[in-house]
Amino acid sequence: MRILPINSFSLARPAQQKTAQEQKIPVYNRQLNADTVSFTSGNKMSDCVANSVSKNMDRLNRIATVYLDALESVAAKLKDKGIIFDRVYCERHPVKSPEACSSKIVRSRSFKVPDIIRATLYMNNPYDLSILNDELLPELAKRGYVIPNTEMSVAELKKRGYIPEAGENDYTIKEMPDLDIRLADVIEQRAILAPELRYAISKPQKSGYEDIQMRLVRAYDKKKNPVLHELIILFGPEYSKAKQFESENIYTHLRKFDELNLRKHSMDRNSFLGVVNRYIDLIEKMFRGKISQKLYENAKNKDLYSIADEIPIAFTEDDLSQFEHYFRTLDDKVFWYYQDAKKIIRSKASSQRQLGRESRADREKLQEIHDGLFPIVQEYLPGAKVKKTNGKTRKNTQNKTEKS
């Protein structure tokens, strides 16, 4: 049957115009299984978790209020150490919404939602880890909030300087405190931390984002699955604003790439899917380099160093052209990947239908990501007049046919 164009971002070239390299048939190497747990469609298990959160919202709000009370008390006690608590900011969303819980489950493919209750503290100098170790954590413990353990593989711990013990390999799982110090250039302070915390130092995110994040539980909560309280420590209010802006306008859209069915298929660097992964990486690098990293540097300069000068942020017409090209190519490759995959398993009608559903869902997701990111490109494109059709950019005039 004829499918209306999902991608509005460009014109796709006819198959006969493709180069020999582009026509290389991919290998579909995924076992289709109709009776697996669904995270993405139908009566979703993620929705069951979201419904549970919704039903318990009053209780969770009470727990969150007590948590904020404790943090306010800690900040007042440690004011001279540069600890600041913005109660108004934290009370906006102290409990993760049911919709956000469902989205997180879909992305992570795990039913664990570690930040169901969350709050933020500002620390004038988080690079001084003695404040965290000697002041903040003890004050939290006095109020009944302690860091629980979480499972980490030895492979993950080795990136943090851990030396495996006899009998351990990369796949060995160890229980470690649920603390992640994602700051630049603090590894030399490892000895300042309590012994159990010395492998909690990792690195800033690729976006340039830095923070300290931890999970806390009530020490008296003996249940098998205690309520997890997330605590994020940032440089200050400017950094918090940058985080919110980047999250809403960039990260929220980029993370949807993880929801693509195609990315869950077997992939290596040189495969057809590896090329798809590379184009996704190029899009992510574009937005990290053009916006995210500069946003966070500007915010840190203001909060930590009182520097008002800002690194300029801008897109060019060439950047816009590249942006459209990346999404046009992605849509094209996703379409042909699924078409070829159907040929490989043409004898299995149920698998054919599943591939058709996955193909349509993935191309719709690409369109959604494109349309989410486009406004921020437009915002940082000085003086540009971008063509629009019914609120969307550059309508594709060529249909592609997908068999169900």
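Refer to the structure presented above.
This structure is a prediction, so every number in the text was calculated from the model and none was measured.

Undergrad: How should I be thinking about the side chain of Lys-365 in this particular structure?
TA: Along the chain, Lys-365 turns up in helix α10 (residues 349-379). Look at Lys-365 and you get buried, because its relative accessible area is 17%. Setting aside residues no more than four positions away along its own chain, Lys-365 makes contact with Lys-256, Glu-259 and Leu-260.

Undergrad: What is the right way to read the nonpolar core from this model?
TA: Grouped burial of nonpolar side chains is what soluble globular proteins tend to show. Formed by 54 residues in total, the largest nonpolar core has its most connected members in Leu-140, Ile-181 and Met-214. Take this core: its biggest share by element is 10 residues, from helix α2 (residues 57-77).

Undergrad: Explanation requested: the pattern of salt bridges in the structure shown.
TA: Two side chains of opposite charge can pair, provided their charged atoms sit close to one another. Scanning all chains against the criterion turns up 25 salt bridges. Measuring nitrogen to oxygen at the nearest pair gives 2.8 Å for the salt bridge that ties Lys-300 to Glu-210. With Lys-300 in helix α8 (residues 272-305) and Glu-210 in the loop between β7 (179-182) and β8 (211-218), this pair connects stretches of sequence that are 90 residues apart. The salt bridge partner of Glu-259 is Lys-365, with a shortest N-O separation of 2.8 Å. Taken together, the positions of Glu-259 in the loop between α7 (237-254) and α8 and Lys-365 in helix α10 put the pair 106 residues apart, joining distant regions of the chain. Among the ionic contacts, a cluster of salt bridges with common partners joins Asp-69, Glu-72, Arg-87 and Glu-91.

Undergrad: For this particular structure, what's the right way to read the pairing of β8?
TA: Burial within β8 is extensive, with eight of its eight residues counted as buried. Residues of β8 alternate between two faces, with Asp-211, Gln-213, Arg-215 and Val-217 on one and Ile-212, Met-214, Leu-216 and Arg-218 on the opposite face, all of them buried. By the bridge criterion, two bridges tie strand β4 (residues 145-146) to β8 in an arrangement that is antiparallel. Looking across to β8, one finds that Val-146 is bridged to Val-217.

Undergrad: Would you explain empty space enclosed by the protein in this entry?
TA: Vacant regions in the atomic arrangement are exposed by a probe of water-molecule size rolled over the atoms. The final tally for this structure, using the stated rule, is one cavity of 30 Å³ or more. Within this model, the largest cavity holds a volume of roughly 40 Å³. Every residue along the wall of the largest cavity is listed here: Arg-160, Met-176, Pro-177, Glu-196, Leu-197, Arg-198, Tyr-199 and Ala-200.

Undergrad: Is there a simple way to think about the environment of Ser-359 in this case?
TA: Tracing the chain through its elements places Ser-359 in helix α10. A sequence separation of 25 residues divides Ser-359 from Val-334, and the C-alpha atoms of the two residues are 7.2 Å apart.

Undergrad: Help me understand the packing of α8 against helix α9 (residues 317-344), please; the structure alone is not making it clear to me.
TA: Relative orientation and spacing of two packed helices are given, respectively, by the angle between their axes and the distance between those axes. Two numbers describe how α8 lies on α9: the axes approach to 10 Å, and their chain directions differ by 155°. Between α8 and α9, the angle is such that the two are roughly antiparallel. The hand of the α8/α9 crossing is left-handed. Contacts between α8 and α9 involve Phe-272, Leu-273, Val-275, Val-276, Tyr-279, Ile-280, Leu-282, Ile-283, Met-286, Phe-287 and Lys-290 from the first element and Asp-319, Gln-322, Phe-323, His-325, Tyr-326, Phe-327, Thr-329, Leu-330, Lys-333 and Tyr-337 from the second. Residue composition of the contact of α8 with α9, grouped by class: 15 nonpolar, three polar and three charged.

Undergrad: Got a minute to help me understand the packing of α8 against α10 in this structure?
TA: Axis separation between α8 and α10 bottoms out at 12 Å; the angle between their running directions is 35°. α8 and α10 meet at a crossing whose hand is left-handed. Between α8, through Ile-283, Phe-287 and Ile-291, and α10, the contact on the second element is made entirely by Leu-373, Ile-376 and Val-377. Residue composition of the contact of α8 with α10, grouped by class: six nonpolar, no polar and no charged.

Undergrad: Mind showing me how you'd approach the packing of aromatic side chains here?
TA: Given two aromatic rings, their pairing is described by the distance between the two centres and the angle made by the two planes. A complete count under the given rule lists 15 aromatic pairs for this structure. Between the aromatic rings of Tyr-209 and Tyr-296, the centroid separation amounts to 5.3 Å while the plane-to-plane angle is 55°, which identifies the pairing as tilted. Residue Tyr-209 is found in the loop between β7 and β8, and its partner Tyr-296 is found in helix α8; the two are separated by 87 residues along the sequence. Each member of the pair, Tyr-209 together with Tyr-296, is buried. Ring centres of Tyr-279 and Tyr-326 lie 6.0 Å apart, and the angle between their planes is 65°; this geometry places the pair in the edge-to-face category. With Tyr-279 in helix α8 and Tyr-326 in helix α9, this pair connects stretches of sequence that are 47 residues apart. For Tyr-326, a relative accessible area of 10% corresponds to the buried category.

How each quantity is defined
Here the residue numbers are simple positions, counted from 1 along each chain's written sequence. With pLDDT at 70 or above as the cut-off, local features in this predicted model cover only qualifying residues; side-chain atom pairs require 80 or more to be listed or tallied, and sums for whole chains, interfaces and linings still use all residues. Working from all heavy atoms in the structure, the side-chain values ignore hydrogens and water. The secondary structure listing takes helices from DSSP runs of H or I that are at least 4 residues long and strands from runs of E that are at least 2 residues long, numbered from the N terminus. For every residue, the accessible area (1.4 Å probe, protein chains only) is compared with the maximum for its type, and the residue is labelled buried under 20%, exposed over 50%, or partly exposed between those bounds. We call two residues in contact when some of their heavy atoms are within 4.5 Å. Definition used in this section: a nonpolar core is a set of buried Ala, Val, Leu, Ile, Met, Phe, Trp, Tyr and Cys residues joined via side-chain atoms within 4.5 Å. In what follows, salt bridge is the name for a side-chain nitrogen of Lys or Arg lying within 4 Å of a carboxyl oxygen of Asp or Glu. Note on pairing: DSSP must find at least two bridges between two strands before they are called paired. Grid points spaced at 1 Å and placed over the protein atoms alone form the basis of the search, with a cavity being a set where a 1.4 Å probe fits but cannot get out and a pocket an open set showing protein on both sides within 12 Å along at least five of seven lines. Lining residues have an atom within 4 Å of a point. Grid points are joined across faces, edges and corners, and a volume is the space filled by probe spheres set on the points. Throughout, an axis means a line fitted to C-alpha atoms (over the contacting stretch in the case of helices), and angles, computed between N-to-C directions, take values from 0 to 180 degrees. Angle categories are assigned with fixed cut-offs, so that under 35 degrees is roughly parallel, over 145 is roughly antiparallel, 65 to 115 is roughly perpendicular, and the rest are oblique. With the far helix as reference, a near helix turned anticlockwise by less than a right angle produces a left-handed crossing, and one turned clockwise produces a right-handed crossing. Classification convention: Asp, Glu, Lys, Arg as charged; Ala, Val, Leu, Ile, Met, Phe, Trp, Tyr, Cys, Pro as nonpolar; all other residues, Gly among them, as polar. Two aromatic rings from Phe, Tyr or Trp, using only the six-membered ring of Trp, form a pair when their centres are within 6.5 Å; if the ring planes differ by under 30 degrees the pair is stacked, by over 60 it is edge-to-face, and anything between is tilted.

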